[in-house]
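# Coordinate inspection notes
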Amino acid sequence: MNKALAQRIQKLMIQNRRQSKELTYTLPSPDSYPYQWLWDSCFHAIILSHFDIPTAKAELLSLSHHQFSNGMLPHMVYWKSTNGNSFPQIRWGRRRTSSITQPPMLAYAAWQIHCLSPDLEFLKSMLGTIDRFHHYLLKYRDPRHHHLVGLIHPDESGEDNSPRFDSALTMVARQNIDENFQRRKVLIERFRNYNFAIKNRMDRRHWVRDVPFNAILVRNLGAQANIAQALGDYDQATWARHQAQVVKAAMRAIMLDSDGVMYSTMGRNYQPIKLKTWAIFSPLFAKVLTKSEAENLVHDHLENESEFATSYCVPTVALNESSFDPEGFWRGPIWMAINWFIVKGLQEYGFDAQAKRIINQSLRLLRKSGFREQFNPLTGEGYGAHNFTWGCMVMDMLEPVDMQK
Ligand code: GLC
């Protein structure tokens, strides 16, 4: 990759790095996101693995520090006091962390680090955390053994305001950002009263089986199997591989609609949330679709100018959805980690030209608007946080790692 870009990325990753005693983590953006986030840290480890293996390992290892006794990894860790910055104060019922989680990318990131620089000791130090987290998701987030993991809050998807959650939040005025935030806050307050315990009838409150979260879990169970196998733990490897197949089968049975698209579902009876967001491409990341299903998906939707083939790609919501808003938080703008998931998914099936196009578009966005949090898919204008780390994911798009080791 271009030397100046590589240097810019390294500089940003150093500027955003923080230390808490012996632990190291990276802020997504010092001004706007002054804490540690779960899936961001996995993205950071993936980026760092290209030029600083020890820091990549440290970033992942720091996550295990706040693992709950039931195995959950919280989506936010407040290493420092929450006073004195503009980030909304949320009462999670805990002092140091949030009480909800985020998509499980830990195993993927750990395996990538090992593929670039083999280190069984490092894998050993990660495997327990990964195994406990995956067990937590498969047990507590699937109390009825339906083999799909449920989310208790939109923020667990990592796409806080996505219109995928409007119906579950019973949003009346769909485009109202303030109402959306209020409802998400009320949901947290209600859960806090239950001590965040997952009960059988979660669906009465909020229970979304989200496509990307489950696809990411499938891919990460595969990575867990690789890690366990490398460490000679064949039972665990077999378990993880089996679980990946079981979740994959449930995704196909429950989420795959007759129109060839996978939709997230809500409530007890798997009511499909028929909305086209980037989530429809996430099954590619875990190879949940057949080659011909994937071909149709790419042709009918990714390359469709009234849906996802905008001037800059890939919008998080299809252009022809009524909820599409080119400036709305998670309601249209491009987010670089999402481009990364789509690129990886396309490459799984050999759609190299389409992947290349998204990589070039991502580079074009960085050149035009810098390391911003989100980008307008029609104009390329940058929005939200500055010095946001997700743009650095282009490094892993440009220099893919051989994960087959
Ligand atoms: C926003 C994003 C979330 C991310 C966090 C920190 O809340 O929606 O996915 O983890 O910022 O970057």
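This text goes with the structure placed above it.
To keep things clear, this report deals only with the structure shown in the data block. Residue numbering note: each chain is counted from 1, following its sequence as written. Per-residue local features of the predicted model are confined to residues with pLDDT of at least 70, and side-chain atom pairs are confined, for both listing and counting, to 80 or more; whole-chain, interface and lining totals are unaffected and use all residues. Note that water and hydrogens are dropped before the side-chain values are worked out from all heavy atoms of the structure.

This part covers the pattern of salt bridges. The rule for a salt bridge is simple: a side-chain nitrogen of Lys or Arg has to be within 4 Å of a carboxyl oxygen of Asp or Glu. Scanning the entire structure with this criterion turns up 14 salt bridges. A salt bridge links Arg184 to Asp155, with the shortest nitrogen-to-oxygen separation between them at 2.8 Å. Taken as a pair, Arg184 in helix H6 (residues 177–193) and Asp155 in the loop between helix H5 (120–140) and H6 lie far apart in primary sequence, 29 residues in all. For the pair formed by Arg184 and Asp155, the shared burial category is buried. Numbering of helices and strands runs from the N terminus, with a helix taken as a DSSP run of H or I at least four residues long and a strand as a DSSP run of E at least two residues long. Only protein chains enter the accessibility calculation, which uses a 1.4 Å probe. A residue is then buried if its area is under 20% of the maximum for its type, exposed if over 50%, and partly exposed in between.

Near the ligand, the surroundings consist of Pro28, Tyr33, Trp37, Trp39, Asp40, Gln102, Gly158, Asp160, Trp330, Phe388 and Trp390. We call two N or O atoms a polar contact when they sit within 3.5 Å, provided that within protein one can donate a hydrogen and the other can accept it, with sequence-adjacent residues counted only if both atoms are side-chain atoms. A distance of 2.6 Å separates an oxygen atom of the ligand from a polar side-chain atom of Asp40. One of the side-chain N or O atoms of Trp330 is found 2.8 Å from an oxygen atom in the ligand. Only the protein chains shown count as cover for residues, and all accessible areas are computed by the Shrake-Rupley method using a 1.4 Å probe. If the ligand stood free it would expose 310 Å²; the protein chains cover 97% of that surface. A breakdown of the residues in the shell around the ligand according to their chemical character gives seven nonpolar, two polar and two charged. The nearness test applies per residue and asks whether one of its heavy atoms lies within 4 Å of the molecule or strand. Residues were grouped as follows: Ala, Val, Leu, Ile, Met, Phe, Trp, Tyr, Cys and Pro as nonpolar; Asp, Glu, Lys and Arg as charged; and all remaining residues, including Gly, as polar.

A few words now on the side chain of Arg209. Within the fold, Arg209 resides in strand E5 (residues 208–209). Counted as positive: Lys and Arg. Counted as negative: Asp and Glu. His and the chain ends are not counted at all. For the buried Arg209, which has no salt bridge, the nearest side chain bearing the opposite charge is Asp142, at an N-O separation of 5.3 Å. A distance of 3.1 Å separates a polar side-chain atom of Arg209 from the backbone oxygen of Gly267. A polar atom in the side chain of Arg209 sits 3.3 Å from the side chain of Tyr270. When sequence neighbours within four positions are dropped, the list of residues in contact with Arg209 reads His146, Leu148, Val149, Gly150, Asn214, Met255, Ser264, Thr265, Gly267 and Tyr270. We call two residues in contact when some of their heavy atoms are within 4.5 Å.

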